[in-house]
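For reference, the chains in residue letters:
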Amino acid sequence: MKDDLTDYLQEARDAVLWKLEGLSEYEIRRPMVRTGTNLLGLVKHLASVEAGYFGGVFGDQFPEVLPWDAEDAEPNADMWATPDESREFITDLYRRVWAHSDRTIASLEIDSTSVVPWWSEARRNVTLHRMLVHVTAETHRHAGHADILRELVDGTVGYKPSSPNLPGEIDWVAYRARLEQAALDAENGASLPD
């Protein structure tokens, strides 16, 4: 069970980093939606998430200080990279956090328990299993955000380079136009023929 969960977590980690490949510094930092979500910020955030859940929660604190996680840091500081935080710094940090997380995970039994101090009293007692599920789900959620952001940046789509996980022979321009027309028809109360 632990191996299955860590495999799914690693797939999501790899997918998030793949979404940065081939893009400029601007493109990986560019806020693509109203809330400022950007590709490199997602990586920085996920590094913080793993460092907290698999480090501090399970008593093996990640050894590096993450200033954006300090109590006096500005809100959302983990969701974007400053100009002096290079792509290499953030991606290498994420890989160091993975290695630390993986060592912590390997050293514990799946039913090992701990406490997440920032969660509500009713939820804060957790097992390693629950943390693996939680972090894997969060990483996949942000991988989905990265999918959409990357498509908005340059049209690149897919789950990973070797497996795009999309139907092959589709005229995407015509497909999108059909969906747009269906949305307009639904808005206007028109029904499609049977």
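Just above sits the structure.
Remember, it's a predicted structure, so these values are computed and weren't measured experimentally. (Residues numbered from 1 in each chain as written. Predicted model: local features only at pLDDT ≥ 70, side-chain atom pairs only at ≥ 80, totals over all residues. Heavy atoms only, no water.)

## Some words on the nonpolar core
Consideration 1: In terms of nonpolar packing, the biggest core is built from 29 residues, with Leu20, Val43, Leu93 and Tyr94 touching the most fellow members.
Consideration 2: At the level of elements, helix H1 (2-18), helix H3 (39-56), helix H4 (87-107) and helix H5 (128-154) are the ones that each hand at least two residues to this core.
Consideration 3: No other element matches the seven residues that H3 contributes to this core.
Consideration 4: Non-local contacts of Leu20, meaning those with residues more than four positions away in its chain, are made with Ile28, Leu39, Leu40, Val43, Arg87, Thr91 and Arg150.
Consideration 5: Counting 16 residues, the second largest nonpolar core, distinct from the first, contains Tyr53, Phe54, Val116 and Met131. (Core = buried A, V, L, I, M, F, W, Y, C linked by side-chain atoms within 4.5 Å. Buried < 20%, exposed > 50% of the residue type's maximum accessible area, 1.4 Å probe, protein only. Helix = DSSP H or I, 4+ residues; strand = E, 2+ residues; numbered from the N terminus. Contact = heavy atoms within 4.5 Å.)

## Topic: the side chain of Glu138
Consideration 1: Note on placement: Glu138 falls in helix H5.
Consideration 2: The buried charged residue Glu138 lacks any salt bridge partner; its closest oppositely charged side chain belongs to Arg141, at an N-O distance of 5.7 Å.
Consideration 3: Those residues in contact with Glu138 that lie beyond four places of it in its chain are His45, Leu46 and Val49. (Lys, Arg positive; Asp, Glu negative; His and termini not counted. Salt bridge = Lys/Arg side-chain N within 4 Å of Asp/Glu carboxyl O.)

## Describing the packing of aromatic side chains
Consideration 1: One pass over the structure, following the stated rule, counts four aromatic pairs.
Consideration 2: With a centroid separation of 5.8 Å and 65° between ring planes, the pair formed by Tyr53 and Trp119 is classed as edge-to-face. Here Trp119 lies in the loop between strand E1 (113-115) and strand E2 (125-127) and Tyr53 lies in helix H3, a separation of 66 residues in the sequence. Comparing Tyr53 with Trp119 shows no difference in burial state: the two are buried.
Consideration 3: Ring geometry for Trp68 versus Phe89: centroids 6.5 Å apart, planes at 85°, classification edge-to-face. (Phe/Tyr/Trp six-rings, centres within 6.5 Å; stacked < 30°, edge-to-face > 60°.)

## Focus on the environment of Val33
Consideration 1: With respect to the helices and strands, Val33 occurs in the loop between helix H2 (25-29) and H3.
Consideration 2: Each C-alpha atom of the pair Val33 and Leu132 lies 29 Å from the other, and the pair is 99 residues apart in sequence.

## Re the environment of Trp119
Consideration 1: Its relative accessible area of 7% is what places Trp119 among the buried residues.
Consideration 2: Linking Trp119 and Ala143, residues 24 residues apart in sequence, is a C-alpha distance of 23 Å.
Consideration 3: Within the structure, Trp119 has its side chain in polar contact with the side chain of Tyr53 (distance 3.0 Å). (Polar contact = N/O pair within 3.5 Å; in protein donor to acceptor, adjacent residues only side chain to side chain.)

## Some points on the packing of H1 against H3
Consideration 1: Look at H1 against H3: their axes get within 10 Å of each other, and the N-to-C directions meet at 155°. Classified by the interaxial angle, the pair formed by H1 and H3 is roughly antiparallel. Pair H1 / H3 crosses with left-handed handedness. Residues Leu9, Arg13, Val16 and Leu17 of H1 pack against Val43, Leu46, Glu50 and Phe54 of H3.
Consideration 2: The residue inventory of the contact of H1 with H3, partitioned by class, reads six nonpolar, no polar and two charged. (Axes fitted to C-alpha atoms, helices over the stretch in contact; angles between N-to-C directions. Parallel < 35°, antiparallel > 145°, perpendicular 65-115°, else oblique. Left-handed = near helix turned anticlockwise from the far one by under 90°. Nonpolar A, V, L, I, M, F, W, Y, C, P; charged D, E, K, R; others polar.)

## Here we look at the pattern of salt bridges
Consideration 1: On inspection of all chains with the given rule, the structure shows 10 salt bridges.
Consideration 2: Arg13 serves as the salt-bridge partner of Asp102, at 3.2 Å between the closest nitrogen and oxygen. Taken together, the residues span a long stretch of sequence, with Asp102 in helix H4 and Arg13 in helix H1 at a distance of 89 residues.
Consideration 3: Owing to a relative accessible area of 32%, Asp102 belongs among the partly exposed residues under this scheme.
Consideration 4: Across the pair Lys44 and Glu85 runs a salt bridge whose closest N-O atoms are separated by 2.7 Å. A residue pair is termed long-range when its members are at least 10 positions apart, and Lys44 in helix H3 and Glu85 in the loop between H3 and H4 qualify at 41 residues.

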